[in-house]
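# Chain and residue survey
Residues per chain are reported as follows:
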2 protein chains.
Amino acid sequence: MAKDNQFVSQIADIEEDFPQWYSDVVLKTKLVDYGPVKGTMVIRPYGYAIWENIQKQFDLRFKESGYENAYFPLLIPMSFMTKEAEHVEGFAPEVAVVTHAGGEKLAEPLCIRPTSETIIGTMYGKWIESWRDLPVRMNQWANIMRWEKTTRPFLRTSEFLWQEGHAVFATAEEAEEETQKMLSVYEEFAKTCLSMPVLTGRKTEKEKFAGAVATYGMEAMMHDGKSLQSGTSHYLGQNFSKAFDIKFTDKDGTQKYGYTMSFGVSTRLIGALIMTHGDKRGLVLPPVVAPVQVVIVPIAAKKEGVLQACAALKERLAKAGVRVLLDDSENSPGWKFNEWEMKGVPLRIELGPRDLEAGKMLVCRRDTLEKTELALEGAEAGIAELLSAVSETMYERALERMNGRIVDAETLDALLDGVNKGNFVRAGWCGCRACEDKVKEFAQATSRVFAKENNAKNCVACGKKSEHTVIFARAY
Amino acid sequence: MAKDNQFVSQIADIEEDFPQWYSDVVLKTKLVDYGPVKGTMVIRPYGYAIWENIQKQFDLRFKESGYENAYFPLLIPMSFMTKEAEHVEGFAPEVAVVTHAGGEKLAEPLCIRPTSETIIGTMYGKWIESWRDLPVRMNQWANIMRWEKTTRPFLRTSEFLWQEGHAVFATAEEAEEETQKMLSVYEEFAKTCLSMPVLTGRKTEKEKFAGAVATYGMEAMMHDGKSLQSGTSHYLGQNFSKAFDIKFTDKDGTQKYGYTMSFGVSTRLIGALIMTHGDKRGLVLPPVVAPVQVVIVPIAAKKEGVLQACAALKERLAKAGVRVLLDDSENSPGWKFNEWEMKGVPLRIELGPRDLEAGKMLVCRRDTLEKTELALEGAEAGIAELLSAVSETMYERALERMNGRIVDAETLDALLDGVNKGNFVRAGWCGCRACEDKVKEFAQATSRVFAKENNAKNCVACGKKSEHTVIFARAY
C-alpha cells in the first residue's frame, strides 16, 4: 500500500504554483482530461456530475422565472453572423467553420455556434407576430465553440457547455429589468449553490458582449486574487431585433421591433468553484453541487457488524436525499481519508466498532477539517445540518477573503501594487478607452465591473474627473 | 372566435396522406420547426419537454445499470475515423468537416461527431490500465451530425440529439450480455414510458452498425405499417479496442484487449411516439413523457368560484406530482378542447358550476375520448389511476395493431402484397446479401430484425433452405 500522504505530494503547492496546483487537481481528481484536439477537454464523470447538479439548480430557477428549454441548431450560416456588425466583429475571429459536408463542398460555409443570438433571433423573427406573443423567454443547454489560443480546462476551452437564455419584450424597460433580474438569479445561485460570493455590475464598452447595448457581469475572486468572469447578462436593445426582424403588432395596430436580452453561464463555473474554495489538500466542493456529499469510511471494516452498519447508514442517508457513498474498497482508512479529501467531499463519516458500541459516528468536515461526534440515531438531521453549515462557512470564508482584498487606488502605481498583491482594486476612471488600455498595459489589469458606489474623484490613469468607479483586477 | 373544428381542418387526413399529417402535426402543435440550414430542426419547448422527460427516465435506468454520464469533444480528428476500416466506410460519406478555425486553415480537418466510438475509444485507451478498472460504463447526452439527403423532423435530420452508452469489459461474454441487457432496457422503456410495443432482435450484416460485430435493434410499427428503428445496441468485439488500443493488464499479468459495446437512442423516439399513437385529431402523448399530463378547462369560467376551484385543483394535482396546466385563456371551452386534443394531452378535466355543486369533475381521456365523472375529493388518486389506464390502453392498442399486422410470406409476391397492405412480413432468408437486395428491389422492404422463432423453411427470394427467419418491412 502506498504512503497515506501520497495524495498531497501529487499536487503542486497551492501558494507557490497556483496554476500547476489547478492542473494537478483537475486531472488527478478525474474531473477532466485533455481532449485529443488542442484546446478541447473531456469532462469525466466526477466533473460532469457537478455540471448536472448545476443544471438542476438553474433549471428550477429559470423555470420559476418563466423560461422554457428549447434546442436550436449547432450550425449557423456565416451570413447570419454578419447581420449585426459588432457581433460579427467580436466573434468572427473565434469561429470554427464547416466547409464540407456529405462529401461535398457547401455552397455557404457554416459556423459552429459561438453563441446563438443570430439563429435564435432568426426563429423569433419568424414566430413572433403580436404583442400577445410577448414576452418570449427560452433557455438552451448546449455546447459552444470558440477557437481560443490559450486554453485551460473549464476556464477557457475551444468547446464548452453552457446555458444561454434569450428573451424578447415589447418595451426597453422590461428587457432592461429582465437583464438585472437574471443577473440577480446568477448571484443568488453563486451564493446558495456554489458558496461563492461575487461582485456584480455593468461592464465597460470594451469588455461588453459584441452586439450588446450593455453587459452586466458577475466576477468572483479566485484563490490567487485574480478575477473570474462567472456569468453575464446582456441588454441587447433593438440591435438584434432590427438585424433579425423581430417585429410584433402592438395593441395600437402598429408594427414595432422588440427589445431583446440574453444571459449565460458555462462549465467555467466549475473552474470558478475549484479556484475559490480549493486548498493544499485539493478540492473543497460546495455541498449543493458536490457529486458525493458524504463518504462513509468503515474503521476496522473486518470486525463483525461494521460493514453492515455502514451500509445501513448509507441507505438511511440516501433515503433522506443525501448523495452518499460507502468506500468499502480494500484501501486503508488513511488512504481513503486522503483520497476523499483531495476529491473535496464535504463530509466524511468514520464508523468503527467503538463508535457502534457508543451509538455514535465521527464526522469530519472538509472545509474546516473539524471533527464532530454525532449520534447514529437521527443521523439524517445531523448530517443535513452539517451540510448547511459547510455551505455557509465556505461562503463566509470566501466573502471575508474577497472583502479583505478590495483596495482603493488613486494612482497607477498604487493600482499596480494592489493587483500585484492579489487584490481587486477600486479606482476612478474618466470613461475613455485610452485610459482603460493604459491600466491594462501598466498593470496587466482589466476593468471588471463598475463598483456599486460611484465615489472616486479622479481617473486613476489621467487624473481628470472620474466618471465611473471601476473594479480593476487581473483576470482569467 | 374561429370555429371549433378549425384544428382538425388544419391537419391532413391521417388515412389519406400520412406524411402530410405528420408534418402538419409536428409543426402545428409547435413541437418543432425547420432550421435555416437545410435538414436541421429547431426543437421548440413543447417538443423539448418530451425529450427532457425521456432523458429523465433513461437516466434513472442507466444509473441503475451502472452508467455514469460524461462529456466528450464534438470534434474528432479525421485520422481517428479511419482507424477502424468498416467504421470510416460507413460514416465518412455523412460527416460534416471543419477545415478552418480561429481564422486559420487547420493542419488536419476535424469532423463533427457522427457517433463517438472513436474519440471515447481513444480516451478509454488512455484511462484503462488494469482489470481492476473494468468494467467501464459511461453514457453521453449529446448532439450528433450526420449529413442526410432526405430529412424529416425527428425522423432524420442532419443534427439530432441522442444518448450513447459505451462500455468496456474484460471478456466477450460480459460485453455480449451487456449488449442484450441494454436492448432489454430500451424495450422496457418503450413499453413503460412510450406505451410503444417493439420487436427486438439481431440485424443482418447489411443493416448493422459500421464497425460492429453484431447489432441488435428495436423496431416499432408506425400508423402506416412502416417500421421505425427506435434504438440499437451493438456488440463491438475487439474491433474498436484494437483500433484504439484499449488494453488492460489481466489478473495473470498479461496484456489483453478489452471487449466493447455501445448503444443509442435519439430524438427519433419523439417521431416514433407521434407516429405510433397519433390519430385524426393530432397527437396522442403517452402520459409518462407528456409535457402536460392533465389540462383543466373551466366551464362558465366567469361564474363565481369556478376559476378559484380550478386553480385549487391544479395546485393539488401539481403537489401530487402531476404535470398539470390550467387553461384560463379567453378562448371558448370548445376551442380549448380541440387545441389540447391536437396537442395530445392525455387527460382533460372540465369543471363548471354544476360540477362544483355536485362535488365532481368530468375527465376526458385523449386516447379513447371516453368521459368519466370523478369526485373532486380524492381527485389525486383518481387522476393517477386514469393516467396509468391511458398508458396501458395505448400500449395494448398499439400491440394489438402490431400483432395483427405481422404476416408470413413464402414468396416475393406474397411479401410485396404484405408490405403493400402495411404489414410486417415474416419470411425465410438463406443468408446471402443478393437475396436481401432482391427483396429490397422487389418490395422496397428491408430486413428489420431476425424473428424470435427461426421456423421458416425456404428463402423468400431464392427458395433455397432458409437460415434465418427475418422480419421484413418498409421502414423510415
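Residues numbered from 1 in each chain as written. Chains lettered and ligands numbered in written order. Predicted model: local features only at pLDDT ≥ 70, side-chain atom pairs only at ≥ 80, totals over all residues. Heavy atoms only, no water.

What follows concerns the confidence of the model for chain A. Mean pLDDT over chain A works out to 96, with 98% of the residues at or above the 70 mark. Here the prediction assigns the complex a pTM of 0.97, and the interface score ipTM is 0.96. (pLDDT = per-residue confidence, 0-100.)

The description of two packed helices rests on the angle between their axes and on the distance between the axes. Residue and element names in this part refer to chain B. Running from amino to carboxyl end, helix 2 (residues 18–28) crosses helix 9 (residues 268–277) at an angle of 120°, the nearest separation of the two axes being 11 Å. Taken as axis vectors, helix 2 and helix 9 run oblique relative to one another. Note that helix 2 runs across helix 9; the crossing there is right-handed. When helix 2 is examined against helix 9, the residues Phe18, Trp21, Tyr22, Val25 and Val26 are found in contact with a partner set consisting of Gly271, Ile274 and Met275. By residue class, the composition of the contact of helix 2 with helix 9 is seven nonpolar, one polar and no charged. (Axes fitted to C-alpha atoms, helices over the stretch in contact; angles between N-to-C directions. Helix = DSSP H or I, 4+ residues; strand = E, 2+ residues; numbered from the N terminus. Parallel < 35°, antiparallel > 145°, perpendicular 65-115°, else oblique. Left-handed = near helix turned anticlockwise from the far one by under 90°. Contact = heavy atoms within 4.5 Å. Nonpolar A, V, L, I, M, F, W, Y, C, P; charged D, E, K, R; others polar.)

Residue and element names in this part refer to chain B. Overall, mixed pairing links the seven strands, which are arranged 3-7-8-14-11-10-9 in an open sheet. With one partner strand each, in any of the chains shown, strand 3 (68–69) and strand 9 (199–202) form the two edges of the open sheet. Note: strand 3 against strand 7 (residues 136–145), two bridges, orientation parallel. Among the inter-strand pairings, asparagine 69 is bridged to a residue of strand 7, identified as asparagine 139. The strands touched by helix 9 are strand 10 (214–221), strand 11 (227–237) and strand 14 (259–266); relative to strand 11, the strand with the most contacts, the crossing angle is about 145°. (Pairing = 2+ DSSP bridges.)

Looking now at the sheet that holds strand 21 (residues 424–429) of chain B. Residue and element names in this part refer to chain B. Pairing in this open sheet of four strands is mixed, and the strands run 20-21-23-22 from one edge to the other. Two strands in the sheet have a free side with no partner beyond their single neighbour: strand 20 (406–408) and strand 22 (446–450). Each adjacent strand pair in this sheet contributes to an overall mean axis angle of 40°, direction not counted. Sheet strands in contact with helix 14 (residues 412–420) are strand 20, strand 21 and strand 23 (468–473), and its direction is about 160° off that of strand 21. Set on the sheet, helix 15 (residues 433–443) makes contact with strand 21, strand 22 and strand 23; between it and strand 21 the angle comes to about 150°.

The full count for this structure, using the stated rule, is 32 aromatic pairs over all chains. Between Phe72(A) and Trp127(A) the ring centres are 6.0 Å apart and the planes differ by 45°, which places this aromatic pair in the tilted class. Here the residue Phe72(A) occupies a position in the loop between strand 3 (68–69) and strand 4 (75–77), and Trp127(A) occupies one in helix 6 (residues 117–127), the gap between them amounting to 55 residues. For Phe72(A), a relative accessible area of 1% gives the class buried. With a relative accessible area of 15%, Trp127(A) lands in the buried category. With 6.3 Å between their ring centres and 40° between their planes, Trp429(A) and Phe450(A) make a pair best called tilted. Note that Trp429(A) is positioned in strand 21 (residues 424–429) and Phe450(A) in strand 22 (residues 446–450), a separation of 21 residues in sequence. One exposure class covers both Trp429(A) and Phe450(A), and it is buried. Members of the aromatic cluster, connected to one another through ring pairs, are Trp51(A), Phe58(A), Phe62(A), Tyr67(A), Trp141(A), Tyr186(A), Phe189(A) and Phe263(A). Across the ring face of Tyr46(B), the terminal group of Lys343(B) is positioned such that the distance to the ring centre comes to 4.4 Å. (Phe/Tyr/Trp six-rings, centres within 6.5 Å; stacked < 30°, edge-to-face > 60°. Buried < 20%, exposed > 50% of the residue type's maximum accessible area, 1.4 Å probe, protein only. Lys NZ or Arg CZ within 6 Å of the ring centre and 35° of its normal.)

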